[in-house]
Amino acid sequence: MKINLLDKAVSDKIAAGEVIERPVSIVKELVENSIDAGASSIVVEIKKGGHDYVRVTDNGFGIEKKEIEKAFIRHATSKISSETDLENLITLGFRGEALASIAAVTRMEVVSKTPDEKIGIRLAIHAGEIISKSSIGCPDGTTMIIRDLFYNTPARLKFMKSESSDTSQITSFMSNIAVGFPKISFRYIVNGKIIFTTDGSGELKNSIMQVYNHNDFTNLIEINDEIPGLKISGLISRPSINRNTRKMQIYLVNGRVIESKVVDEGIGEGYRERLFEGRFPIAFLLLELDPKAIDVNIHPNKKVKKFDDEKRVKDFIADTIHSAITSADSMPRPASENILNSKIDQTSISELDSIHCDLDKGDNSRDDCFVDIYARPDYNSTEQMSLA
């Protein structure tokens, strides 16, 4: 059997299939790039579930003109330079695959400017090929605009999920990342309507209230503890406030939103003998570990992490939570908790979720955190950028 060496177009599409599963994969990669770029404000806009349009705008340090084409070469990255860097990862991205993979299966436009440059650069890429490159006036930072996901891969396009399903996935990711980075101002827009805006104050409780936009989380218990090489902070509910799924359990380890059975078990043990089986507390946990003590490279989308000492992590989480809720039980309970319990008992989980995800009730009034020059609906993206 003859062995064929695949050309770039084919190999890029194959590689893109591994990185870009759904529109949420694009949003995740671009937002994480913005965070790694030191952004203090990030705007994410999607249309039709991200199938037709995704925009991520940040005020980070931007991409230099001479480097912008290199950014779209596979395995080109500013995050690491040697094998030893993999043991000390402090950035969310590091593989150098995301931009090349996104560009291979979309029509992509990037506008960027560094603080040292007087004028920015605009690059248009379709199916991995550079279509145009020009100078443009724009603010410091980077805007990535993605159109027509999988337009050149009909097989993938055929199996896309519904717009509502993909919108829900992106909303979930954006909610988690906004809560996990309370020092960054986030604005999330769906089909022209603002879903939430966070103020970047650095207060976790503020971010939670601004994202979920109701008072269910007013009386959460603050936790904060540290042992050598391991730190935890966050907010958890009293045992009396619980759900029938883990949907309101959000974990970030060194800034990454993750799924972890170790953390699941730690929370479960922390609430031991205080919850009926099948009931789960609300928990927003931010963990910080020595980068050498975890492996983030075991999952294609970096959703799963392997801890070097799983028992130590689990026991630390359990002890911290158990101590916090024991102390809280000795305190007078807020009167509003009885109202909240009644509200949860009378409202199904899907109805509670709809409070958060009702895209027809986006709050358009919270406009004070951003001057978003790209959001004007009466201009196309190129015209908007020229106005910057």
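Structural data are supplied above this passage.
The paragraphs below set out a description of the structure included in this document. Chains are numbered independently. Their residues run from 1 in the order of the written sequence. The predicted origin of the model limits local features to residues at a pLDDT of at least 70 and limits the giving and counting of side-chain atom pairs to 80 or more, whereas totals for whole chains, interfaces and linings rest on all residues. Only hydrogens and water are set aside; all other atoms, that is, all heavy atoms of the structure, feed into the side-chain values.

## Considerations on the packing of helix α5 (residues 163-180) against helix α6 (residues 204-212)
Convention adopted: a line fitted to C-alpha atoms gives each axis, helices being fitted over their contacting stretch, and angles between N-to-C directions are expressed from 0 to 180 degrees. Helix numbers and strand numbers start at the N terminus; a helix is a DSSP run of H or I with at least 4 residues, a strand a run of E with at least 2. For the pair α5 and α6, the least separation of the axes is 8 Å and the interaxial angle reads 160 degrees. The orientation of α5 with respect to α6, classified from their angle, is roughly antiparallel. The element α5 and its partner α6 pack so that their crossing is right-handed. On α6, the residues touching Ser175, Asn176, Ala178 and Val179 of α5 are Leu204, Ser207, Ile208, Val211 and Tyr212. The class makeup of the residues in the contact of α5 with α6 is six nonpolar, three polar and no charged. By the definition adopted for this analysis, an angle is roughly parallel if under 35 degrees, roughly antiparallel if over 145, roughly perpendicular if from 65 to 115, and oblique otherwise. Here a crossing is taken to be left-handed if its near helix is turned anticlockwise relative to the far helix by less than a right angle, and right-handed if that turn runs clockwise. The contact rule is simple, with two residues in contact once any of their heavy atoms fall within 4.5 Å. Here the term charged refers only to Asp, Glu, Lys and Arg, the term nonpolar to Ala, Val, Leu, Ile, Met, Phe, Trp, Tyr, Cys and Pro, and the term polar to all other amino acids, Gly among them.

## As for the packing of aromatic side chains
Two measures describe an aromatic ring pair: the distance that separates the ring centres and the angle between the ring planes. Between 30 and 60 degrees the pair is tilted, below 30 it is stacked and above 60 it is edge-to-face, where a pair is any two Phe, Tyr or Trp rings, Trp via its six-membered ring, whose centres lie within 6.5 Å. On inspection of all chains with the given rule, the structure shows four aromatic pairs. Measuring from centroid to centroid gives 5.8 Å for phenylalanine 217 and phenylalanine 284, while their planes differ by 90 degrees, and the two rings are edge-to-face. Note that phenylalanine 217 is positioned in the loop between α6 and β9 (221-227) and phenylalanine 284 in strand β15 (residues 283-289), a separation of 67 residues in sequence. We note that phenylalanine 217, like phenylalanine 284, is buried. Relative accessible area decides the class of each residue, using a 1.4 Å probe on protein chains only: under 20% of the type maximum gives buried, over 50% gives exposed, and in between gives partly exposed.

## Remarks on the sheet that holds strand β3 (residues 107-113)
Strands pair, by our definition, only if DSSP identifies at least two bridges between them. Spatially, the eight strands line up as an open sheet ordered β5-β4-β3-β6-β2-β1-β7-β8, and their pairing is mixed. Of all the strands in the sheet, just β5 (129-136) and β8 (193-197) have a single pairing partner and so form its edges. Sheet twist, expressed as the mean angle between neighbouring strand axes with direction ignored, is 10 degrees. Summarising the sheet, strand β4 (residues 120-126) and β5 pair through seven bridges and their orientation is antiparallel. Of the residues in β5, the one forming a bridge with histidine 126 is glutamate 129.

## Some remarks on the side chain of aspartate 166
Along the chain, aspartate 166 falls in helix α5. Here histidine 51 takes part through its side chain, which lies 2.6 Å from a polar atom of the side chain of aspartate 166. Between N or O atoms, a polar contact is any pair within 3.5 Å; within protein, one atom must be a potential hydrogen donor and the other a potential acceptor, and residues adjacent in sequence are included only when both atoms are from side chains.

## Here's the deal with α5
Expected span of a helix: the number of residues minus one, times 1.5 Å. Compared with the 26 Å implied by 1.5 Å per residue over 18 residues, the 26 Å span of α5 between its first and last C-alpha is a close match. By the burial criterion, the buried members of α5 are Asp166, Thr167, Ile170, Thr171, Phe173, Met174, Ser175, Asn176, Ile177, Ala178, Val179 and Gly180.

## Looking at α6
Buried residues of α6: Leu204, Ser207, Ile208, Gln210, Val211 and Tyr212, and no others. Note on α6: the residue one or two positions beyond its end, asparagine 213, has a positive phi of about 60 degrees.

## Side note on a negative patch on the surface
Here, patches come from residues exposed beyond 30% relative accessible area and free of salt bridges, joined within 9 Å for like charges and within 5 Å for nonpolar side chains (Val, Leu, Ile, Met, Phe, Trp, Tyr). Surface exposure here means Shrake-Rupley accessible area, sampled with a 1.4 Å probe, where a residue is shielded only by the protein chains that are shown. Any Lys or Arg side-chain nitrogen found within 4 Å of a carboxyl oxygen on Asp or Glu counts as a salt bridge. Positive charge is attributed to Lys and Arg, negative charge to Asp and Glu, and no charge count is given to His or to the chain ends. For charged residues, the charge sits on one atom: NZ in Lys, CZ in Arg, CG in Asp, CD in Glu. A grouping of Asp225, Glu226, Glu288 and Asp319 is seen on the molecular surface, where their side chains present a negatively charged patch. Along the chain, the position of glutamate 226 falls in strand β9.

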